[in-house]
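Residue-level structure breakdown
The chain contents come next:
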Amino acid sequence: MCVLVPLLYRALRLLRLSLLSGNLTTMKSNRGALISGHLNVPLVWLVASVVAWMFTSASCVAVMEKLAWHDALYFVASTLTTVGYGDVVVKSSIGRLFVLAMMMVGVVLIPVRASQLYSRINERLLMAGHPPGNAPGSKGAYAVLSGRLSDVRGFNDFLQDFLIQVRCLPIPAGQHSRSSLQLVCLCNKPSVEFLALQELHESSLTLVEGSAFSERDLLDRGGLARSVGAMVLADRFSSNAAAEDTDVQFRVWAIKSAVKRVPLYVQVLRRSSVDMISPFLDPKQDVICSVEGTRLRLLALSCFVPGASTLIANLLRSSGPAAGFPG
C-alpha cells in the first residue's frame with residue numbers, strides 16, 4: 001500500500017496536467033516537424049487523456065484489488081480496448097463499480113479527443129485561390145465543380161472552354177461590362193501542376209481540397225448553396241467506368257440532399273448510367289449526359305455525313321486564345 005500511494009499521486013498529477021493542457025494554445029513545433037503546431041495541441045490532448053486515464057485507473061484498481069500495478073495496468077488496457085481476456089478480473093464490489101465508471105468515462109473521453117484531432121486535420125485541407133464569391137470581377141457569382149484532378153492538360157482544356165463560354169454570355173441589362181464567373185473546384189488534393197494552373201487563373205479558379213460527401217466541404221468551404229450552378233464530372237481516364245459512374249451517382253445524391261434548388265450538370269461515362277442517375281435529378285433545371293452517348297452520336301453522324309465529326313471537333317477546339325470567340 002505504501003508503494004501504491006505515490007503511484008496514485010503521480011497518476012493524478014498527470015491527469016491534472018492533461019486537463020490543464022487545454023490552455024497550452026501556444027505549443028508549437030519547428031517547421032520541419034512531422035506534425036505542425038496546428039495539430040500538436042489536440043494530439044497532446046488525445047495522448048495525455050488516454051495515458052492519464054489509464055494510469056489513474058490502473059492505480060485505483062491496484063489499490064482496491066491489491067494487485068501488482070503492472071497487472072492492474074494490463075487489466076485497464078484490455079478493458080478499455082474491449083478485448084477483456086479475463087485472466088485478470090476485479091472481485092470486490094467497489095472495484096466493479098469503479099471499473100464501470102472507468103469504462104463509461106473512457107467511452108466518452110477518447111472519442112471526444114479523437115474527434116477534436118480529426119476536426120483539426122480537416123481544417124488543414126488546402127484551399128488555393130479566392131474564397132467562393134470573393135474573386136475580383138465575379139461580383140459574387142461562382143459555380144461549383146465536383147471532380148477528380150488527374151490530368152492537368154484535360155482540366156486546362158475544360159477550364160478554357162468554361163471561361164470562353166462565360167465570356168460569350170450576354171451582358172445583363174443595366175450593366176456596361178460583362179462580369180466573370182468564378183469556378184470553385186471541390187476535388188482531391190491538387191498536385192503541383194494544378195496549383196501552378198490555379199496561379200495562372202487566380203481570379204477565376206479556386207481549388208478546394210474536400211469531398212462532396214462532406215456537408216461541411218459542400219456548404220461551408222465550397223459554398224454550394226450560394227452558387228449559380230454545380231457540375232459533377234466523371235474521370236474519363238478511369239480504368240473502371242462502372243465504378244466511376246457509381247461514384248458520380250453518390251456525389252449527385254449527396255449534392256441533392258444538401259441543396260435542391262441549385263441547377264446540376266452531370267457527366268457520366270456510360271449511357272446506361274444516365275437512366276440510373278436521372279431519378280435523382282430535376283428535369284426542369286438539371287442536365288445529364290454521357291461520354292459514351294456523345295461518341296456514338298458523333299459516330300452515327302460521321303456515317304451519314306463524312307467528315308462531320310472532324311468539322312465539329314475543329315469548331316469545338318478552344319484551348320488557345322485565338323479560337324475566334326469574342327473576348
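Residues numbered from 1 in each chain as written. Predicted model: local features only at pLDDT ≥ 70, side-chain atom pairs only at ≥ 80, totals over all residues. Heavy atoms only, no water.

Here we look at the overall build of the chain
Cut-off, in case you're wondering: The way it works is that DSSP assigns letters per residue, a run of H or I at least four long becomes a helix, a run of E at least two long becomes a strand, and they are numbered from the N terminus. Here's how the labels work: a residue is buried when its accessible area is under 20% of the maximum for its type, exposed when over 50%, partly exposed in between, all with a 1.4 Å probe on protein chains only. The contact rule is simple, with two residues in contact once any of their heavy atoms fall within 4.5 Å. Method for areas: the Shrake-Rupley scheme with a 1.4 Å probe, in which residue coverage is limited to the protein chains shown.
Within the chain one finds 11 helices and seven strands. Residues classed as buried in the chain amount to 36% of the 327 residues present. Within the chain, counting contacts between residues at least 6 apart in sequence, those at least 24 apart form 65% of the total. In the form shown here, the chain has an accessible surface area of approximately 19200 Å², with 62% of it arising from carbon and sulfur atoms.

Observations regarding the sheet that holds strand β3 (residues 182-187)
Two modes of strand pairing occur in sheets, parallel and antiparallel, and in both the strands are linked by backbone hydrogen bonds. Our working rule: Here, a strand pair is defined by DSSP locating no fewer than two bridges between the strands. Axis lines are fitted through C-alpha atoms, for helices just across the contact stretch, and the angle between N-to-C directions can take any value from 0 to 180 degrees.
Reading across the sheet, the seven strands line up as β1-β4-β3-β2-β5-β6-β7 and stay open at both edges, with mixed pairing between neighbours. Since the sheet does not close on itself, it has two edges, and those belong to β1 (127-128) and β7 (287-290), each with one partner. Sheet topology places strand β5 (residues 229-233) next to strand β6 (residues 264-268); four bridges connect them, and they run parallel. From the neighbouring strand, alanine 230 faces β6, where its bridge partner is leucine 264. On the sheet, helix α6 (residues 192-200) packs against β1 and β4 (205-209) and is oriented at approximately 145 degrees with respect to β4.

Some remarks on the pairing of β5
A regular strand carries its side chains on alternate faces of the sheet. Spelled out, the test is: A crossover counts as right-handed when, viewed with the strands pointing away from the observer, the path leading from the first strand over the helix to the second turns clockwise.
Taking burial as the measure, the five residues of β5 include four buried ones, the bulk of the element. With four bridges joining them, strand β2 (residues 142-146) and β5 adopt parallel strand pairing. Looking across to β5, one finds that alanine 143 is bridged to glycine 229. Of the crossover connections in this fold, the one passing from β5 over helix α8 (residues 241-258) to the parallel β6 is right-handed.

Considerations on the packing of helix α5 (residues 152-167) against α6
The description of two helices packed together rests on the angle between their axes and the distance between the axes. Keep this limit in mind: Angles below 35 degrees are treated as roughly parallel, those above 145 as roughly antiparallel, those between 65 and 115 as roughly perpendicular, and all remaining angles as oblique. Take the far helix as your reference; a near helix turned counterclockwise from it by less than a right angle gives a left-handed crossing, and one turned clockwise gives a right-handed crossing. Here the nonpolar group is Ala, Val, Leu, Ile, Met, Phe, Trp, Tyr, Cys and Pro; Asp, Glu, Lys and Arg are the charged ones; every other residue, Gly included, is treated as polar.
Relative orientation of the contacting elements α5 and α6 amounts to 25 degrees, with a least axis distance of 10 Å. Here α5 is positioned roughly parallel relative to α6, judged by the angle of their axes. Crossing handedness for the pair α5 and α6: right-handed. Across the interface between the two elements, Val152, Phe155, Asn156 and Leu159 from α5 touch Glu193, Phe194 and Leu197 from α6. Classifying every residue of the contact of α5 with α6 by side-chain character gives five nonpolar, one polar and one charged.

Topic: α6
Residues separated by three or four positions in an α-helix point in the same direction, a consequence of the helix having 3.6 residues per turn. Condition: In this context, the arc is that of the directions from the helix axis out to the C-beta atoms.
Looking only at α6, the buried set comprises Phe194, Leu197 and Gln198. One side of α6 carries all its buried residues, which in axial view fall inside an arc of 100 degrees. Residues of α6 that are exposed and point over 90 degrees away from its buried face: Val192, Glu199 and Leu200. Those residues of α6 that are buried are in contact with β1, α5 and β4.

Remarks on a nonpolar patch on the surface
To be explicit about the condition: To count toward a patch, a residue needs a relative accessible area over 30% and no salt bridge; like charges are then connected within 9 Å, while nonpolar side chains (Val, Leu, Ile, Met, Phe, Trp, Tyr) are connected within 5 Å. Whenever a carboxyl oxygen of Asp or Glu lies within 4 Å of a side-chain nitrogen of Lys or Arg, that contact is scored as a salt bridge.
Taken together, Leu298, Leu301, Phe304 and Val305 make up a surface patch of nonpolar side chains, about 380 Å² in accessible area. In this structure, valine 305 sits in the loop between α10 (291-304) and α11 (308-316).

Some points on the environment of glutamate 209
Here glutamate 209 is to be found in strand β4. Here glutamate 209 falls in the buried class, since its relative accessible area comes to 15%. With 24 residues separating them along the chain, glutamate 209 and cysteine 185 place their C-alpha atoms 8.2 Å apart.

A few points about the pattern of salt bridges
Scanning the model with the defined rule gives eight salt bridges in all. Residues aspartate 217 and arginine 221 are paired through a salt bridge, measuring 3.3 Å at the closest nitrogen-oxygen approach. With aspartate 217 and arginine 221 both in helix α7 (residues 215-221) and four residues apart, this pair spans about one turn of that helix. For the pair aspartate 217 and arginine 221, one class covers both residues: buried. In this structure, the salt-bridge partner of arginine 251 is aspartate 247, at a minimum N-O distance of 3.0 Å.

A few points about the state of the cysteines
Put simply, the rule is: A pair of cysteine sulfur atoms is labelled a disulfide when the two atoms are within 2.5 Å.
In total, this model carries zero disulfides according to the counting rule given. With no disulfide of its own, cysteine 185 has cysteine 187 as its nearest cysteine by sulfur position, at a separation of 4.0 Å.

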